[in-house]
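# Coordinates in review
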Amino acid sequence: MIHPTKHIPAERTLLGAGAVIFSELLQPRTVTGLWEAVREAKAVGTFERFVLALTMLYSLRAVRLEGGLIVRGTP
């Protein structure tokens, strides 16, 4: 699920995983470095969910790819 509902808590959604990923982007990181930083987070769980959440963040323009590094998007 993308967003929480009455029966799905936030930490089991893509928004929850995206929040964990976004909070780790205080500095630019490679995909591998970012995955290593968040892989133990319960909200992220698997590499598949990591990729889906990262894709969601990219679609929302919250992150962007710059010179092979993932950085926070500009407001």
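These lines cover the structure that appears in this document, whether it is placed above or below. (Residues numbered from 1 in each chain as written. Predicted model: local features only at pLDDT ≥ 70, side-chain atom pairs only at ≥ 80, totals over all residues. Heavy atoms only, no water.)

Along the chain, the regular secondary structure elements total three helices and two strands. In terms of overall dimensions, the chain is globule-like: its C-alpha atoms have a radius of gyration of 12 Å, near the 11 Å expected for 75 residues. When the backbone C-alpha atoms are referred to their principal axes, the chain occupies close to 40 × 25 × 20 Å. Sorting the 75 residues of the chain into buried and exposed places 28% on the buried side. For the chain, restricting intrachain contacts to residue pairs at least 6 apart in sequence, the fraction spanning at least 24 positions comes to 44%. Here the chain displays about 5,100 Å² of accessible surface, and carbon together with sulfur accounts for 60% of that area. Mean positive and mean negative side-chain charge positions of the chain (9 and 6 charges, respectively) differ by 7 Å. (Helix = DSSP H or I, 4+ residues; strand = E, 2+ residues; numbered from the N terminus. Rg over C-alpha atoms; globule rule 2.2 N^0.38 Å. Buried < 20%, exposed > 50% of the residue type's maximum accessible area, 1.4 Å probe, protein only. Contact = heavy atoms within 4.5 Å. Areas by Shrake-Rupley, 256 points an atom, 1.4 Å probe, with all protein chains shown as cover. Lys, Arg positive; Asp, Glu negative; His and termini not counted. Charge placed at Lys NZ, Arg CZ, Asp CG, Glu CD.)

Time to look at the packing of helix H2 (residues 31-38) against helix H3 (residues 47-59). Where H2 contacts H3, the axes come no closer than 11 Å and their chain directions differ by 120°. Of the two elements, H2 crosses H3, and the hand of that crossing is right-handed. Counted together, Val31, Leu34, Trp35 and Val38 of H2 and Phe47, Phe50 and Leu54 of H3 form the full contact between these two elements. Classifying every residue of the contact of H2 with H3 by side-chain character gives seven nonpolar, no polar and no charged. (Axes fitted to C-alpha atoms, helices over the stretch in contact; angles between N-to-C directions. Left-handed = near helix turned anticlockwise from the far one by under 90°. Nonpolar A, V, L, I, M, F, W, Y, C, P; charged D, E, K, R; others polar.)

This paragraph deals with the environment of leucine 65. Structurally, the position occupied by leucine 65 is in strand S1 (residues 63-66). Taking the C-alpha atoms as reference, leucine 65 lies 9.3 Å from threonine 30; in sequence the two are 35 residues apart. If sequence neighbours within four positions are ignored, leucine 65 has contacts with Tyr58 and Ile70.

With that settled, consider the packing of helix H1 (residues 14-23) against H3. Their axes nearest at 9 Å, the elements H1 and H3 cross at an angle of 80°. Looking at the two axes, H1 sits roughly perpendicular to H3. The segment H1 lies against H3, with Leu14, Leu15, Ala17, Gly18, Ile21 and Phe22 engaging Arg49, Phe50, Leu52, Ala53, Leu54, Met56 and Leu57. (Parallel < 35°, antiparallel > 145°, perpendicular 65-115°, else oblique.)

Shape is all these values report; function is a separate question.
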